[in-house]
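Given next are the chains, with one letter for each unit.
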Amino acid sequence: IDTDLEVDLLASVEEEEAIAAAESERARKEAEFAAAQAAAAAAALAAAEAAAAKEQVERERVEAEAANATKARNERREASEKALPVEPAAGSQGIVSVVVKCPDGSRCARRFRKIDTLAALFALVEARWVEAEGAALLPETFRLIATYPRRVFERQDAGITTLEGAGIVGAQESLFVEMSTGS
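Everything in this summary refers to the structure shown in the same document. As the structure is a computational prediction, the values presented were derived from the model and not from experiment. (Residues numbered from 1 in each chain as written. Predicted model: local features only at pLDDT ≥ 70, side-chain atom pairs only at ≥ 80, totals over all residues. Heavy atoms only, no water.)

1. With respect to the overall build of the protein chain
For step 1, the next point in the chain: Helix and strand counts for the protein chain come out as two helices and five strands.
For step 2, the next point in the chain: When the elements of the protein chain are put in sequence order from the N terminus, they spell out α-β-β-α-β-β-β.
For step 3, the next point in the chain: Relative to a compact globule of 183 residues, whose C-alpha radius of gyration would be 16 Å, the protein chain shows 40 Å and is clearly more extended.
For step 4, the next point in the chain: Expressed along its principal axes, the backbone C-alpha trace of the protein chain runs to roughly 150 × 30 × 25 Å.
For step 5, the next point in the chain: Each of the 183 residues in the protein chain was classed as buried or not, and the buried ones make up 23%.
For step 6, the next point in the chain: Within the protein chain, contacts between residues at least 6 apart in sequence are counted, and of these 63% link residues at least 24 apart.
For step 7, the next point in the chain: For the protein chain, the computed accessible surface area is about 12600 Å², with 57% contributed by carbon and sulfur atoms.
For step 8, the next point in the chain: In the protein chain, which carries 22 positive and 33 negative side-chain charges, the distance between the mean positions of the two groups comes to 27 Å. (Helix = DSSP H or I, 4+ residues; strand = E, 2+ residues; numbered from the N terminus. Rg over C-alpha atoms; globule rule 2.2 N^0.38 Å. Buried < 20%, exposed > 50% of the residue type's maximum accessible area, 1.4 Å probe, protein only. Contact = heavy atoms within 4.5 Å. Areas by Shrake-Rupley, 256 points an atom, 1.4 Å probe, with all protein chains shown as cover. Lys, Arg positive; Asp, Glu negative; His and termini not counted. Charge placed at Lys NZ, Arg CZ, Asp CG, Glu CD.)

2. Examining the packing of aromatic side chains
For step 1, the next point in the chain: In total, this model carries one aromatic pair according to the counting rule given.
For step 2, the next point in the chain: Relative to F142, the ring of F122 lies with its centre 5.3 Å away and its plane at 45°, an arrangement referred to as tilted. Of the two residues, F122 sits in helix α2 (residues 118-128) while F142 sits in strand β3 (residues 142-146), which places them 20 residues apart along the sequence. Take F122 and F142: they sit in the same class, and that class is buried. (Phe/Tyr/Trp six-rings, centres within 6.5 Å; stacked < 30°, edge-to-face > 60°.)

3. Some remarks on the side chain of E126
For step 1, the next point in the chain: Position of E126 relative to the elements: it lies in helix α2.
For step 2, the next point in the chain: Overall, the relative accessible area of 1% leaves E126 in the buried class.
For step 3, the next point in the chain: Only 3.1 Å separates the side chain of E126 from the side chain of R155, close enough to count as a polar contact.
For step 4, the next point in the chain: The contact partners of E126, leaving out residues within four places of it in the chain, are R73, R76, R77, S80, L138, P139, E140, F142 and R155. (Polar contact = N/O pair within 3.5 Å; in protein donor to acceptor, adjacent residues only side chain to side chain.)

4. A word on a negative patch on the surface
For step 1, the next point in the chain: A cluster of acidic residues, E14, E15, E16 and E17, forms a negative patch on the protein surface.
For step 2, the next point in the chain: Here E17 lies in helix α1 (residues 13-83).
For step 3, the next point in the chain: On the accessibility criterion, E17 (52% relative accessible area) is exposed. (Patch = residues over 30% accessible without salt bridge, like charges linked within 9 Å, V, L, I, M, F, W, Y side chains within 5 Å. Salt bridge = Lys/Arg side-chain N within 4 Å of Asp/Glu carboxyl O.)

5. Topic: the pairing of strand β1 (residues 95-101)
For step 1, the next point in the chain: Summarising the sheet, β1 and strand β2 (residues 107-113) pair through seven bridges and their orientation is antiparallel. Paired with I95 across the two strands is R113, which belongs to β2.
For step 2, the next point in the chain: Here β1 hands over to β2 after five residues, with G105 in that stretch at a positive phi of 95°.
For step 3, the next point in the chain: Here β1 pairs with strand β5 (residues 172-179) via five bridges, running parallel. Of the residues in β5, the one forming a bridge with K101 is F176. (Pairing = 2+ DSSP bridges.)

6. Looking at the sheet that holds strand β4 (residues 151-153)
For step 1, the next point in the chain: The strand order across the open sheet built from five strands is β2-β1-β5-β3-β4, with neighbouring strands paired in mixed fashion. A single partner strand is all that each edge strand has here, and the edge strands are β2 and β4. Geometrically, the sheet is characterised by an average inter-axis angle of 30° between neighbouring strands, direction not taken into account.
For step 2, the next point in the chain: Note: β3 against β5, five bridges, orientation antiparallel. Each residue of the ladder has a partner; that of F142, found in β5, is M179. (Axes fitted to C-alpha atoms, helices over the stretch in contact; angles between N-to-C directions.)

7. A short note on the pattern of salt bridges
For step 1, the next point in the chain: Applying the stated criterion across every chain yields a total of 17 salt bridges.
For step 2, the next point in the chain: The salt bridge involving E25 is made with R28; its shortest N-O contact spans 2.3 Å. One end of the pair, E25, and the other, R28, are both in helix α1, three residues apart, so they sit about a helical turn from each other.
For step 3, the next point in the chain: When its relative accessible area of 38% is taken as the criterion, R28 is described as partly exposed.
For step 4, the next point in the chain: Salt bridges linked by common partners bring R73, R76, E126 and R155 together as one network.

The structure is reproduced here in structure tokens:
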């Protein structure tokens, strides 16, 4: 009798438990990884939303500042128009024709009496110069410059100094606006 015996051995209980534990550990790590990825994605989304909200607030702040600056400039323009003295007739005695070149190349021209103050020239620029759309607004502080001989006229001295006292006595005078820097 020849008997060959074949036996299939089943895995031991310990082996099965070890395989089950390894499978369970792998599934737990995959779940942790997926949760970490989801948390990172949620954090990135929250950060992007916060940045967008901050950007929106900043944009609104800048727009409000620009609107306030434009309103203030328009109020200064209106007040300056009212502050301009009556323009003397052409050919009258004791007048000077003044042309002021503005930063954008435009010109403000008008006749003044020689006894008018320099404040009238500053009012002329404030009242008549209209900034181009999107251009920088005329700041509250600027200088008027006569090129030859070079003379610098500051706004703080403008209320008491007459055109004649400042040497602006020719039949025609030319000045230009210089934006003040800091002082």
